[in-house]
Amino acid sequence: MKKFALTLAIAALPFVATTAQADLDLAKKSGCLACHAVDKKVVGPAWGDVSAKYKGDADARASLIEKVKKGGKGNWTEVTGGVPMPPYSPRVADADIETLVDFVLGLAQ
Ligand code: HEC
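Residues numbered from 1 in each chain as written. Predicted model: local features only at pLDDT ≥ 70, side-chain atom pairs only at ≥ 80, totals over all residues.

(A) Seen up close, the packing of helix 3 (residues 60-70) against helix 5 (residues 94-106). Across the interface, helix 3 lies against helix 5 with an axial gap of 9 Å and an inter-helix angle of 125 degrees. The angle between the axes of helix 3 and helix 5 places the two elements in the oblique class. With respect to the hand of their crossing, helix 3 and helix 5 are arranged in right-handed fashion. In contact with Ala 60, Arg 61, Leu 64, Ile 65, Val 68 and Lys 69 of helix 3, helix 5 contributes Ile 97, Glu 98, Leu 100, Val 101 and Leu 105. The residue inventory of the contact of helix 3 with helix 5, partitioned by class, reads eight nonpolar, no polar and three charged. (Axes fitted to C-alpha atoms, helices over the stretch in contact; angles between N-to-C directions. Helix = DSSP H or I, 4+ residues; strand = E, 2+ residues; numbered from the N terminus. Parallel < 35°, antiparallel > 145°, perpendicular 65-115°, else oblique. Left-handed = near helix turned anticlockwise from the far one by under 90°. Contact = placed C-beta atoms within 7 Å. Nonpolar A, V, L, I, M, F, W, Y, C, P; charged D, E, K, R; others polar.)

(B) Quick look at the nonpolar core. The biggest cluster of nonpolar side chains holds 13 residues, and the ones touching the most others in it are Val 68, Tyr 88, Ile 97, Leu 100, Val 101 and Val 104. When residues of this core are traced back to their parent elements, those giving at least two are helix 2 (47-53), helix 3 and helix 5. Examining the composition of this core, we find that five residues originate from one element, helix 5, more than from any other. When residues no more than four places from it in sequence are discounted, the contact partners of Val 104 are Trp 47, Val 50 and Ser 51. (Core = buried A, V, L, I, M, F, W, Y, C linked by C-beta atoms within 7 Å. Buried ≥ 20, exposed ≤ 12 C-beta atoms within 10 Å, placed from the backbone.)

Keep in mind these numbers describe shape, not what the thing actually does.
Printed below as a string of structure tokens:
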């Protein structure tokens, strides 16, 4: 049984890593990484901090999708000094924006 669990864990590992890598590639392709990193503030807040801030907030997914589509400011002023988040729709497809927000929100789970 132990061996089985271990085999499963090893089998799942590359999958998890590949998914995160695909999401990061999408973020890079979409231009997000010019201002964001997972673990530190760049121009925008660290995505890990964004995830922690909205953890357990059921409305966060919808509002963050809107925010990435239309841009906005005022939620991270103490971190960013008031720099706005630019609008990304229609430059980035809606489905990609949803994938990116799910990736960001999933970081603190
Ligand atoms: C030009 C710099 C810049 C780029 C490029 C950028 N962001 Fe941001 N982002 C910001 C700033 C600045 C904030 C903080 C805005 C605020 O204070 O409300 C932010 C905030 C966010 C937030 C948190 C919003 C909130 O209300 O808490 C998310 C999620 C986010 N960005 C995702 C993305 C995604 C996904 C992309 C790529 C499609 C992206 N950002 C590209 C600068 C950027």
